Amino acid sequence: MASTLTRAPGLTRAQRRELEAELRLELARFERSMTRAASRAEDTPADGADARVHDGGMEERTEVTAALAGRAALRHAAIIEALERMNNGSYGRCVSCQQPIPYGRLMVMPEAAYCMACGGRA
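All figures in this text were calculated on a predicted structure; none of them were measured in a lab. (Residues numbered from 1 in each chain as written. Predicted model: local features only at pLDDT ≥ 70, side-chain atom pairs only at ≥ 80, totals over all residues. Heavy atoms only, no water.)

Caption draft 1: Fine view of the overall build of the protein. The number of helices and strands found in the protein is 6 helices and 0 strands. From first element to last, N terminus to C terminus, the protein shows the α and β order α-α-α-α-α-α. Out of the 122 residues in the protein, the part that is buried amounts to 27%. Sequence separation of 24 or more characterises 55% of the internal contacts of the protein that already satisfy a separation of 6 or more. Element-wise, carbon and sulfur atoms account for 56% of the exposed surface of the protein, whose accessible area totals about 7900 Å². (Helix = DSSP H or I, 4+ residues; strand = E, 2+ residues; numbered from the N terminus. Buried < 20%, exposed > 50% of the residue type's maximum accessible area, 1.4 Å probe, protein only. Contact = heavy atoms within 4.5 Å. Areas by Shrake-Rupley, 256 points an atom, 1.4 Å probe, with all protein chains shown as cover.)

Caption draft 2: Focus on unusual backbone geometry. The phi angle at Q98 is positive, at roughly 70 degrees, despite the residue not being glycine. Take Q98: it is sitting in the loop between α4 (58-88) and α5 (103-108). Overall, Q98 belongs to the partly exposed group, its relative accessible area being 44%.

Caption draft 3: Quick look at the side chain of R105. With respect to the helices and strands, the residue R105 is situated in helix α5. Those residues in contact with R105 that sit more than four places away from it in its chain are A112, Y114, C115 and M116.

Caption draft 4: Representation of the pattern of salt bridges within the structure. With the rule as written, the count across this model stands at 5 salt bridges. Close ionic contact of R29 with E22 constitutes a salt bridge, the shortest N to O distance being 4.0 Å. Among the residues examined, R29 registers a relative accessible area of 37% and is labelled partly exposed. Under the relative-accessibility criterion, E22 is labelled partly exposed at 30%. (Salt bridge = Lys/Arg side-chain N within 4 Å of Asp/Glu carboxyl O.)

Caption draft 5: How the structure looks around the side chain of H76. Mapped onto the elements, H76 comes out in helix α4. We classify H76 as buried; its relative accessible area is 14%. Sequence-distant contacts of H76, that is, excluding residues within four places in its chain, are made with L27, F30, E31 and M34.

Caption draft 6: Broad picture of the confidence of the model for the protein. With 77% of its residues at a pLDDT of 70 or more, the protein shows a mean pLDDT of 81. Model confidence for the protein, summarised as mean pLDDT per element, is weakest for helix α1 (residues 2-5) at 42 and strongest for α5 at 94. Overall, residues 1-6 carries pLDDT values under 50, and its contacts beyond four positions in sequence, including any with other chains, amount to 16 contacts. (pLDDT = per-residue confidence, 0-100.)

Caption draft 7: Expanded view of the state of the cysteines. In this structure the tally under the stated criterion is 0 disulfides. C94 takes part in no disulfide bond, and the closest cysteine sulfur, belonging to C97, lies 3.7 Å away. Residue classification places C94 among the buried residues on the basis of a relative accessible area of 0%. (Disulfide = S-S within 2.5 Å.)

Put into structure tokens, the structure is as follows:
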């Protein structure tokens, strides 16, 4: 991976290592979270008892849970894609315009695939 780290544009070696560590940490968090969510889903009663207790709020909770799970799945995929870009040497460049993505943006969102200009259009 050391040769890949030297190819990311506009980033120092230390910055690239820091961003890679953050991506790997986030990936591990997501995987633990998904494992816990799957475990909780197996423990949820299938007979609707929970819906009776909450007076019809089960449908709303299910929709919110599904929306959150969808967002988490998108972020999980984005983190994996960022690590792939890191491996192939394209990490740190906007996938649209190929310009370097500023370090500050990557610190806030290390999985960012777009610069601010292109991200606003995506």
